[in-house]
Every structure is written in structure tokens, then in C-alpha cells.
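Listed here are the chains, written in short residue letters.
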Amino acid sequence: MKLFDLFTRKEKSEDKSKKIEMTTDYKTQLDIVEKKVFSKMKPLGFKKNGRTFNRRLDDGIIQVINFQSGQYPLTDNYEIPELRENLYGKFVVNMGVCVENLFKFQFPTENKKFYKEYECQIRARLGTLLTGQDYWWKITDDNTKITEEIIEGLETIGFDWFAGVDTKEKIITNLGNLPYDRSPRVKLDIALIVWFDNKEKGEKLITEYYNNISSSSKAHKDYVKDLAKEIGIEL
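Bear in mind that the values here come from a model prediction, so they are computed numbers and not experimental data.

Novice: Would you mind going over the overall build of the protein chain with me for this structure?
Specialist: Within the protein chain one finds eight helices and six strands. Shown N-terminal to C-terminal, the secondary structure of the protein chain runs as helices and strands in the order α-β-β-β-β-α-β-α-β-α-α-α-α-α. When the 235 residues of the protein chain are sorted by exposure, 38% land in the buried category. Long-range pairs, those at least 24 residues apart, make up 58% of the contacts in the protein chain with a sequence separation of at least 6.

Novice: So what exactly am I meant to see when it comes to the pairing of strand β5 (residues 122–125) here?
Specialist: Looking along a regular strand, one sees the side chains alternate between the two faces of the sheet. On β5, burial follows the alternation: I122 and A124 on one face are buried, whereas R123 and R125 on the facing-out side are not. Looking at chain direction, strand β4 (residues 90–99) and β5 are connected through four bridges and run antiparallel. Each residue of the ladder has a partner; that of N94, found in β5, is R125.

Novice: For this particular structure, what's the right way to read the nonpolar core?
Specialist: Across soluble globular proteins, nonpolar side chains show a tendency to be buried alongside one another. Counting 51 residues, the largest nonpolar core has V37, I65, F67, F91, I150 and I171 as its most contacted members. Of the residues forming this core, the biggest block, nine residues, is contributed by helix α6 (residues 186–197). Ignoring any residue separated from it by four or fewer positions in sequence, one finds V37 in contact with F53, F67, T147, I150, I151 and L154. Counting six residues, the second largest nonpolar core, distinct from the first, contains I62, V64, C98 and F103.

Novice: What should I look at first to understand the confidence of the model for the protein chain in this one?
Specialist: Atom-level detail of predicted coordinates should not be read off regions where pLDDT is low. Residues with a pLDDT of 70 or more make up 82% of the protein chain, whose mean pLDDT is 85. Averaged pLDDT values over the elements of the protein chain bottom out at 65 in helix α1 (residues 3–41) and peak at 98 in strand β2 (residues 52–56). Within the model, the stretch residues 1–22 combines pLDDT values under 50 with five contacts to residues more than four positions away or in other chains. Predicted confidence is poor over residues 78–84, with pLDDT under 50, and the contacts of this stretch with residues over four places away or in other chains come to eight contacts.

Novice: I keep staring at the packing of α6 against helix α7 (residues 199–211) and nothing clicks. Help me out?
Specialist: What describes two packed helices is the angle between their axes and the distance between those same axes. Contact pair α6 / α7: the axes reach a minimum separation of 6 Å and the direction vectors enclose 160 degrees. Between α6 and α7, the angle falls in the class roughly antiparallel. Our pair here, α6 against α7, has a crossing hand that is left-handed. Taking contact as the criterion, the partners of K187, L188, A191, L192, V194, W195, F196 and D197 in α6 are, on α7, K199, K201, G202, E203, L205, I206 and Y209. Residues of the contact of α6 with α7, tallied by class, amount to nine nonpolar, one polar and five charged.

Novice: What is the right way to look at the pattern of salt bridges in this model?
Specialist: Side chains that differ in charge, positive against negative, can pair when their charged atoms come close. Taken as a whole and judged by the stated rule, the model has 13 salt bridges. One salt bridge in this structure joins R51 and D31, with 2.8 Å as the shortest N-O distance. Here D31 lies in helix α1 and R51 lies in the loop between β1 (47–49) and β2, a separation of 20 residues in the sequence. For K168, the salt bridge identified is with D197, shortest N-O distance 3.8 Å.

So, how was this worked out
- Residues numbered from 1 in each chain as written.
- Predicted model: local features only at pLDDT ≥ 70, side-chain atom pairs only at ≥ 80, totals over all residues.
- Heavy atoms only, no water.
- Helix = DSSP H or I, 4+ residues; strand = E, 2+ residues; numbered from the N terminus.
- Buried < 20%, exposed > 50% of the residue type's maximum accessible area, 1.4 Å probe, protein only.
- Contact = heavy atoms within 4.5 Å.
- Pairing = 2+ DSSP bridges.
- Core = buried A, V, L, I, M, F, W, Y, C linked by side-chain atoms within 4.5 Å.
- pLDDT = per-residue confidence, 0-100.
- Axes fitted to C-alpha atoms, helices over the stretch in contact; angles between N-to-C directions.
- Parallel < 35°, antiparallel > 145°, perpendicular 65-115°, else oblique.
- Left-handed = near helix turned anticlockwise from the far one by under 90°.
- Nonpolar A, V, L, I, M, F, W, Y, C, P; charged D, E, K, R; others polar.
- Salt bridge = Lys/Arg side-chain N within 4 Å of Asp/Glu carboxyl O.

Below is the structure:
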């Protein structure tokens, strides 16, 4: 074995130890922020599972808050300026609202008691609501300021966002309008939410949605037709 090989092995070992140390430190600091935020959210009715909080409202509506940390870069050249950012050492606060009967309709075999942010039909990020950009907080040793920003952001703009979709009536009225998702697909979710309580009105909305799907979106049109047939609507 050459002397260079020994040095190379030592450098790789030290580098690996450093990576493990950094990962542990970032996790510890994020744990501190998350726990402090939850101490403010718990009296408001939120429950915690891992890095996700749930608050269950009337009518099967669940509000979700989630802390998502940036992944460790796969390679040394992972970051590409203006194309792919290295988010390691940063985190984002995700928010979501899940309409439980819609989720169970879409995933009938799932028996959920606690919902993840990615399982919500309505989603946003606190940093985006606060800054208008996809903002990620940087994890540091001094996390007091970060914690205060997140708590204040949730208690003001974040809870205002929640308030706009905290009943089925508000979801039907506000979904599709800023600051909520404006994609055409939300109209199908609205139609189904209406259909659960008012079959005649819901069928009309589903039919309108189907008729407005572009002929170039054949796969989606077929999907909606099959879905409608499943609930007894012929299109």
C-alpha cells in the first residue's frame, strides 16, 4: 500500500466523520426550533407526530404544519447556480389543509388518523406566504430569531391562510383564488366536495369540469370519466 493511499483513506474518514457531525448538529438545532414552535401551537389544538403537526376541525378538515429539512447533496458537484440549489443546512415550513372525506374517497384503503403535508389537497409554504418566494430558513447555532419569525409568521399570515379554508363552504368559495392553488385541477376537488353533500349540484360541476377539459388532455379526460362512472355519473 502506498503512503498516498493512507493519507487518502484518512482524509475520507475525517470527511465522513465531519459529515456525520454536521448532520447531527443540524438535526439538533432543527429539533430545538420545532419544539419551541410546537409549544406555541399545542395550546391551539395541534398534535405532533415527528416533524408534523395536525389540528382537526369540524366537518373533517385537518390543518397541517410540517418542518422539512434540505437533503444532503448526493455529490460534491450537486449545486448548479441558478438551476439546482444546495438546501442542506436549511429548512422550510410547509402548510396544508386536508379534506378528510375527499382523501378517503381518493384513497379508500387508507385508514389515516394523522395526515402528512403532502397528503393535503390544499398546500402552501410559510416562507412563500411571508416573502413571495420559496424561502428556506438557514439552520444556525442561534435559532432564537428564526423561531420567533416562524411563530409570528404562523400566528399572523399563516393562520390567515388557514382561516380562508377552514370550512367546506370557504374551500368551495376560495380555492382557485389567490393565495390558494389556481390550477384548473382544483375545480375537480371542489366539485367532489360539493357532490358529497349535494349530489345534484356536484354532478353538474363534475360535468362542467369534464366538458371543459382540452381534447389534448385525453388521459385526464378518461380519468375523470372513469371517476364519474364510479360514483354513478354518466358523462
